[in-house]
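# Fold and contact review
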Amino acid sequence: MNIQQLEYLIEIERTRSISQAAANLYMGQPNLSRILRDTEERAGFAIFERTRKGVRPTEKGVVFLQHARNILREAEFMENLGPNRSTAGRFRIALPRSYDVMEQVKRFLTEYAPDAPLDAVLRECHPRQALELLDSGAVEIAVIRYATQYQDYFSEQTAAKKLTMKPLDQVRYRPAVAQCSPLAKKDAISLCELEGLTEIRHRDVFYAESKAGGAERKLYTIDRLAQLQLLQGLPDAYLCAEPLPEPLLYRFGLVQKECVDGGTLYQNAVVFKPQCAMSETENAFLHWLLPR
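Throughout what follows, the structure given in this document is the object of discussion. Just so we're clear, the structure is a prediction, and the values are computed from it rather than from any experiment. (Residues numbered from 1 in each chain as written. Predicted model: local features only at pLDDT ≥ 70, side-chain atom pairs only at ≥ 80, totals over all residues. Heavy atoms only, no water.)

## Topic: the side chain of Gln-5
- Examined against the element boundaries, Gln-5 turns out to sit in helix H1 (residues 3-15).
- Ignoring any residue separated from it by four or fewer positions in sequence, one finds Gln-5 in contact with Ile-35 and Thr-39. (Helix = DSSP H or I, 4+ residues; strand = E, 2+ residues; numbered from the N terminus. Contact = heavy atoms within 4.5 Å.)

The following block contains the structure:
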């Protein structure tokens, strides 16, 4: 079993199709099927099971492929130690859609070796997807944000994936409305006053449709700029968000009010895989971010 074979199996897992994986790898399907069969014989168990929609990992296959990803990441790190495959300044991180968290990343990049090489990919996403990206090796660090009532769920998820989670700060969301909204003149807003209004929310394409209650009128968008632009022109809408900076509120003609009912409390946390092959930049960010 060699590194190339593991790469082939990861591609099969990614595409959920042997024929598509073979096409992506520029090889014949019979050849890839033979490699998979030989690997499964050597392993002593089936790595994939066939379904009407393609293939999917078996229970043991999931564990096998996770180890395969870890091996490939470590092999890449060893190769990158050499002069021909250097990834100086690599910075792969998943983030919540948060102005404050993005400001922290900006401060880090400003303070940490501003003239050093930088190869950064910042991916804003839902906390569940952030854990999937971290687990798959697409990112090395994830900053996640979740409502505090889901603490047990995310503790269990990170433990199951053998990830380390460290709590950061907490933030309480407040309703923001357009200056032309009748609610803009109030000192504070209660949740009952938001009933019947349009709630602007985040919604990612991968996020399953929810049957949960809440506002009857919802407007979903994935883009933060679009949210603020929509809120600016909709006096009957509101957005619950972290405390937004005054210059941003002024720019879009918005006001943000305290919530009489308290507002939802969110927990920020940093998650990473212990003993993984982080770059110097990623290690520096982790130490810069964690409470001292």
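## Some points on the pattern of salt bridges
- One pass over the full model with this rule turns up 13 salt bridges.
- Between Glu-11 and Arg-14 there is a salt bridge; the shortest N-O distance is 2.8 Å. Placement of the pair is Glu-11 and Arg-14 together in helix H1, with a separation of 3 residues, close to one helical turn.
- By relative accessible area, which is 14% here, Glu-11 ends up buried.
- Lys-161 is the salt-bridge partner of Asp-135, the closest N and O atoms lying 3.9 Å from each other. With Asp-135 in helix H6 (residues 127-136) and Lys-161 in the loop between helix H7 (151-160) and strand S6 (164-172), this residue pair connects regions lying 26 residues apart in the sequence. (Salt bridge = Lys/Arg side-chain N within 4 Å of Asp/Glu carboxyl O. Buried < 20%, exposed > 50% of the residue type's maximum accessible area, 1.4 Å probe, protein only.)

## Quick notes on unusual backbone geometry
- You will see that Arg-16, though not glycine, has its phi angle at about 60°, which is positive.
- Locating Arg-16 in the fold gives a position in the loop between H1 and helix H2 (18-24).
- Take Arg-16: its relative accessible area is 37%, and that puts it in the partly exposed class.
- Despite not being glycine, Tyr-26 shows a phi value in the positive range, around 55°.
- Of note, Tyr-26 is situated in the loop between H2 and helix H3 (29-43).

## As for the nonpolar core
- With 19 residues, the main nonpolar core has Leu-9, Ile-12, Leu-32, Phe-48 and Leu-65 as its most contacted residues.
- Sorting the residues of this core by element identifies H1, H2, H3 and helix H4 (59-80) as the ones contributing at least two each.
- Of the residues forming this core, the biggest block, 5 residues, is contributed by H1. (Core = buried A, V, L, I, M, F, W, Y, C linked by side-chain atoms within 4.5 Å.)

## Some remarks on the sheet that holds strand S4 (residues 119-124)
- Within the open sheet, the 5 strands sit side by side as S4-S3-S5-S14-S6. Their pairing is mixed. Each end of this open sheet is capped by a strand with a single partner; those strands are S4 and S6. When the angles between neighbouring strand axes are averaged without regard to direction, this sheet yields 15°.
- Examined bridge by bridge, strand S3 (residues 90-95) and S4 share 6 bridges and lie parallel to one another. Residue pairing for S4: Arg-90 is matched across the bridge by Asp-119.
- On the sheet, helix H10 (residues 280-289) packs against S3, strand S5 (141-147), S6 and strand S14 (265-272) and is oriented at approximately 45° with respect to S3. (Pairing = 2+ DSSP bridges. Axes fitted to C-alpha atoms, helices over the stretch in contact; angles between N-to-C directions.)

## Some points on the packing of aromatic side chains
- Tallied over the entire structure, the rule returns 10 aromatic pairs.
- Aromatic pair Phe-91 and Phe-285: ring centres 5.3 Å apart, planes at 65°, arrangement edge-to-face. Placement of Phe-91 in strand S3 and of Phe-285 in helix H10 is noted, with a sequence separation of 194 residues between them. Each member of the pair, Phe-91 as well as Phe-285, is classed as buried.
- Where Tyr-153 meets Phe-154, the ring centres are 5.0 Å apart and the plane angle is 85°; that geometry is what we call edge-to-face.
- A residue is classified by how much of its surface remains accessible, and Tyr-153, at 33% relative accessible area, is partly exposed.
- Among the residues examined, Phe-154 registers a relative accessible area of 4% and is labelled buried.
- For the cation-ring pair, Arg-224 lies above Tyr-99, with the distance from its terminal atom to the ring centre recorded as 4.8 Å. (Phe/Tyr/Trp six-rings, centres within 6.5 Å; stacked < 30°, edge-to-face > 60°. Lys NZ or Arg CZ within 6 Å of the ring centre and 35° of its normal.)

## Concerning the sheet that holds strand S10 (residues 217-221)
- The strand order S10-S9-S11-S7-S12 describes an open sheet built from 5 strands, whose pairing is mixed. Of all strands in the sheet, those with a lone pairing partner are S10 and strand S12 (254-256), marking the two edges. In this sheet, neighbouring strand axes are inclined to one another by 30° on average, regardless of whether the strands run parallel or antiparallel.
- Examined bridge by bridge, strand S7 (residues 174-178) and S12 share 3 bridges and lie antiparallel to one another. Within the sheet, the bridge partner assigned to Ala-176 lies in S12 and is Gln-256.
- This element, helix H8 (residues 224-233), spans S7, strand S9 (198-202), S10, strand S11 (237-241) and S12 of the sheet and lies at about 170° to S9.

## A closer look at the environment of Arg-172
- Secondary-structure assignment places Arg-172 in strand S6.
- For Arg-172 and Gly-263, which are 91 residues apart along the polypeptide, the C-alpha to C-alpha distance reads 6.1 Å.
- When sequence neighbours within four positions are dropped, the list of residues in contact with Arg-172 reads Ala-241, Pro-243, Gly-262, Gly-263, Thr-264 and Leu-265.
- Within the local environment of Arg-172, its side chain forms a polar contact with the backbone oxygen of Gly-262, the two atoms lying 3.4 Å apart.
- A polar contact of 2.8 Å, which involves the side chain of Arg-172, links it to the backbone oxygen of Gly-263. (Polar contact = N/O pair within 3.5 Å; in protein donor to acceptor, adjacent residues only side chain to side chain.)

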